[in-house]
Amino acid sequence: MKKKVFIITGEVSGDKHASGVARELMLLNPDVEIEAVGGENLRKAGVKLFHNHDKMGAVGLSPSVIFNHFRLGLKIVNYLKNVFKPDIVLLVDYGAFNLSISKHLKRAGIKTFYFIPPQIWASRKWRLRTVKKNVDKVLTIFPFEGEMYDKEGIDNVYVGHPLVKELPPPADKAEFFKRHGFDPDKKLISIFPGSRAFEIKFLFKIFEKAAKIIGKTRNDVQFAVSHACNLPDNAFKTDLKTIKGENHALLSASDALILASGTVALEAALYKTPMIISYRGPLFFYMVYLIVRSIKKACLVNIITGKDIVPEFLMFDAKAEKIANKIIDILDNEKEKMLQLTGFEETERLLSKKHCVKEAAKIINEELIKKEG
C-alpha cells in the first residue's frame with residue numbers, strides 16, 4: 001500500500017530545506033505520496049501543494065493574521081484526518097504555527113516528526129512540554145540540541161545542518177569586484193543590517209556611522225551594504241554602495257563583515273569571512289527577550305563552539321565606535337583574524353559532514369518501512 005507523507009512549512013527557508021528532504025525521500029521510496037503546505041521549492045520537487053504558504057510569513061499579531069492562521073490550521077487538520085490520512089506529518093521550522101498544529105495532530109493519532117525544530121535552547125524553554133507531548137521524533141540540526149531533548153525523554157536524532165551542503169560555492173572575488181566596480185587593491189567591508197524594517201531603523205545608522213569612522217582613519221577600505229530582496233529599492237538613504245540579491249557572493253568576497261545577528265553569521269562562518277555581530281531593537285522587545293532567553297550568547301558560532309569567537313555588540317553595547325575599532329582590529333591583527341578562522345573551522349566540524357536532507361529522508365523512510373512491517 002502506498003505510503004503518504006505531509007509536510008508543513010511556513011517560510012521560504014523551510015520550503016527550501018523541505019524540498020531537499022522530499023527529493024531524497026522520493027529517491028529512496030519512489031512510491032511515496034507527498035503533499036505539503038509550502039512554496040515554489042516543494043512544487044518544483046514534484047510535491048503536490050495543498051496550500052501555498054506565501055502569506056503565512058506575515059509578521060505581527062494582528063487579528064487578520066491570527067484568524068488566517070487559525071482557519072488554515074483547521075483546514076489542514078480536517079484534510080489530514082478525513083481525506084489524506086498520512087503515515088507521517090513532517091513539521092519544518094515555523095515554530096508558533098507548527099507547535100500549535102502538533103496538538104491537533106496528536107489528538108488525531110497522526111505520527112509527527114519535527115525537522116528544524118524551534119530554537120527552544122535559546123528561549124521559551126516551556127515549549128519543550130508541547131514537543132514532548134505531541135511530537136514523536138525531533139530531527140535536530142545543531143549538535144548541542146540532543147542533550148536538552150534527552151533530558152526530557154524526547155526521541156531525537158542529529159541529522160546535521162542543511163547549510164553545510166546547501167550553501168553556494170564562494171564567489172570569484174576578482175569577477176565580483178570587477179562587476180560591481182570595487183577597487184581590487186582595497187579591502188571590502190560589507191554591512192548586513194537585516195531584512196526587517198525595524199532592523200534598518202535601529203541598526204543601519206549605527207553601522208553606517210561605523211563605516212564612516214573606519215573610512216576616516218584609512219584609505220585602503222571600501223564598503224558595501226547588503227540590500228535584502230524583500231526591502232523596497234529606497235530602503236537605504238546612504239552614499240554607500242548597496243547590492244541587492246547577492247548575499248552569498250557578498251559574504252564570501254568580503255574581507256570583514258558587520259552583521260545583524262542571525263543565520264547570516266553561520267553562513268559567513270562557513271565562508272570563513274571574519275565578522276562582528278551587533279543587534280539593537282525596541283526596548284520593550286529587549287526586555288521581553290531578557291525574560292524568555294535561555295542563553296546569553298547571540299552569535300550561532302559562539303553558541304555552537306561554546307567559545308567567544310565572534311565579537312558581539314548587543315543593544316546598549318551597539319555603538320559605532322566599538323564596532324569600528326573591532327573591524328580595524330580584525331583587518332590589522334593577524335591573531336584576531338586567526339582566532340576567528342580557527343573558530344569557523346571548529347563550527348563547520350561540529351555541524352558535521354552529514355548530508356542533512358539525506359539523513360532526514362532516510363529516517364523518515366525507515367519509519368515508513370517499519371509501518372509496513
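Calculation notes
Residues numbered from 1 in each chain as written. Predicted model: local features only at pLDDT ≥ 70, side-chain atom pairs only at ≥ 80, totals over all residues. Heavy atoms only, no water. Core = buried A, V, L, I, M, F, W, Y, C linked by side-chain atoms within 4.5 Å. Buried < 20%, exposed > 50% of the residue type's maximum accessible area, 1.4 Å probe, protein only. Helix = DSSP H or I, 4+ residues; strand = E, 2+ residues; numbered from the N terminus. Contact = heavy atoms within 4.5 Å. Pairing = 2+ DSSP bridges. Expected span 1.5 Å × (residues − 1). Arc of directions from axis to C-beta. Axes fitted to C-alpha atoms, helices over the stretch in contact; angles between N-to-C directions. Salt bridge = Lys/Arg side-chain N within 4 Å of Asp/Glu carboxyl O. Patch = residues over 30% accessible without salt bridge, like charges linked within 9 Å, V, L, I, M, F, W, Y side chains within 5 Å. Areas by Shrake-Rupley, 256 points an atom, 1.4 Å probe, with all protein chains shown as cover. Lys, Arg positive; Asp, Glu negative; His and termini not counted. Charge placed at Lys NZ, Arg CZ, Asp CG, Glu CD. Phe/Tyr/Trp six-rings, centres within 6.5 Å; stacked < 30°, edge-to-face > 60°. Parallel < 35°, antiparallel > 145°, perpendicular 65-115°, else oblique. Left-handed = near helix turned anticlockwise from the far one by under 90°.

**As for the nonpolar core**
- Membership of the largest hydrophobic core comes to 91 residues, with the highest contact counts inside it found for Phe-6, Ile-7, Ile-76, Phe-115, Leu-259 and Met-275.
- Residue contributions to this core peak at 7 residues, all from helix 16 (residues 356-372).
- Apart from the residues within four sequence positions on either side, Leu-259 is in contact with Phe-192, Phe-207, Leu-251, Val-264, Ala-265, Ala-268, Met-275, Ile-276, Ile-277 and Ser-278.
- In this structure, Leu-203, Ala-211, Phe-236 and Ala-324 belong to the second largest nonpolar core, which totals 30 residues.

**What about the pairing of strand 11 (residues 256-260)?**
- Among the 5 residues that make up strand 11, 5 are buried, leaving the element largely enclosed by the rest of the structure.
- The alternating pattern of strand 11 places Ala-256, Ile-258 and Ala-260 and Leu-257 and Leu-259 on opposite faces, both of which are buried.
- Pairing geometry for strand 8 (residues 187-192) and strand 11, over 4 bridges, is parallel. Its bridge partner lying in strand 11, Ile-191 is registered against Ile-258.

**Examining helix 14 (residues 320-332)**
- With 13 residues, helix 14 extends 18 Å from end C-alpha to end C-alpha; this agrees with the ideal 18 Å at 1.5 Å per step.
- Taken together, the buried positions of helix 14 are Ala-320, Ile-323, Ala-324, Ile-327, Ile-328, Ile-330 and Leu-331. Summarising the axial view, the buried residues of helix 14 lie within an arc of 160°, below the 170-degree limit, and thus occupy one face.

**A short note on the sheet that holds strand 13 (residues 312-314)**
- Taken together, 6 strands build an open sheet; the order of strands is 10-9-8-11-12-13 and the sheet is parallel. Edge positions in the sheet fall to strand 10 (241-244) and strand 13, since each has one partner strand and no second. Along the sheet, successive strands turn relative to each other by an average axial angle of 20°, direction set aside.
- Contacting strand 8, strand 9 (221-227), strand 11 and strand 12 (275-279), helix 9 (residues 197-217) runs over the sheet at an angle of about 170° to strand 9.
- Helix-sheet contacts for helix 11 (residues 263-270) involve strand 8, strand 11 and strand 12, and the interaxial angle to strand 11 is about 160°.

**Remarks on the pattern of salt bridges**
- This model, assessed by the stated rule, comprises 21 salt bridges.
- For Glu-175, the salt bridge identified is with Arg-179, shortest N-O distance 2.9 Å. Of this pair, Glu-175 and Arg-179 are both found in helix 8 (residues 173-180), 4 residues apart, which corresponds to roughly one turn of the helix.
- Across the salt bridge formed by Asp-233 and Lys-244, the nearest N and O atoms sit 2.7 Å from each other. A residue pair is termed long-range when its members are at least 10 positions apart, and Asp-233 in the loop between strand 9 and strand 10 and Lys-244 in strand 10 qualify at 11 residues.

**Digging into a positive patch on the surface**
- A cluster of basic residues, Lys-205, Lys-212, Lys-216 and Lys-237, forms a positive patch at the surface.
- On the secondary structure map, Lys-205 appears in helix 9.

**Concerning the packing of aromatic side chains**
- Counted according to the given criterion, the structure contains 10 aromatic pairs.
- Measuring from ring centre to ring centre gives 6.0 Å for Phe-6 and Phe-50, while their planes differ by 70°; the resulting arrangement is edge-to-face. Of the two residues, Phe-6 sits in strand 1 (residues 4-8) while Phe-50 sits in strand 3 (residues 48-52), which places them 44 residues apart along the sequence. For the residue pair Phe-6 and Phe-50, the accessibility class agrees, reading buried in each case.

**Side note on the packing of helix 9 against helix 14**
- Two elements in contact, helix 9 and helix 14, have axes whose closest approach is 8 Å; the angle formed by their N-to-C orientations is 50°. In terms of orientation, helix 9 and helix 14 fall into the oblique class. Regarding helix 9 and helix 14, the two cross each other, and that crossing is right-handed. Facing helix 9, whose interface residues are Ile-206, Phe-207, Lys-209, Ala-210, Ile-213, Ile-214 and Thr-217, helix 14 presents Ala-320, Glu-321, Ile-323, Ala-324, Ile-327 and Ile-328.

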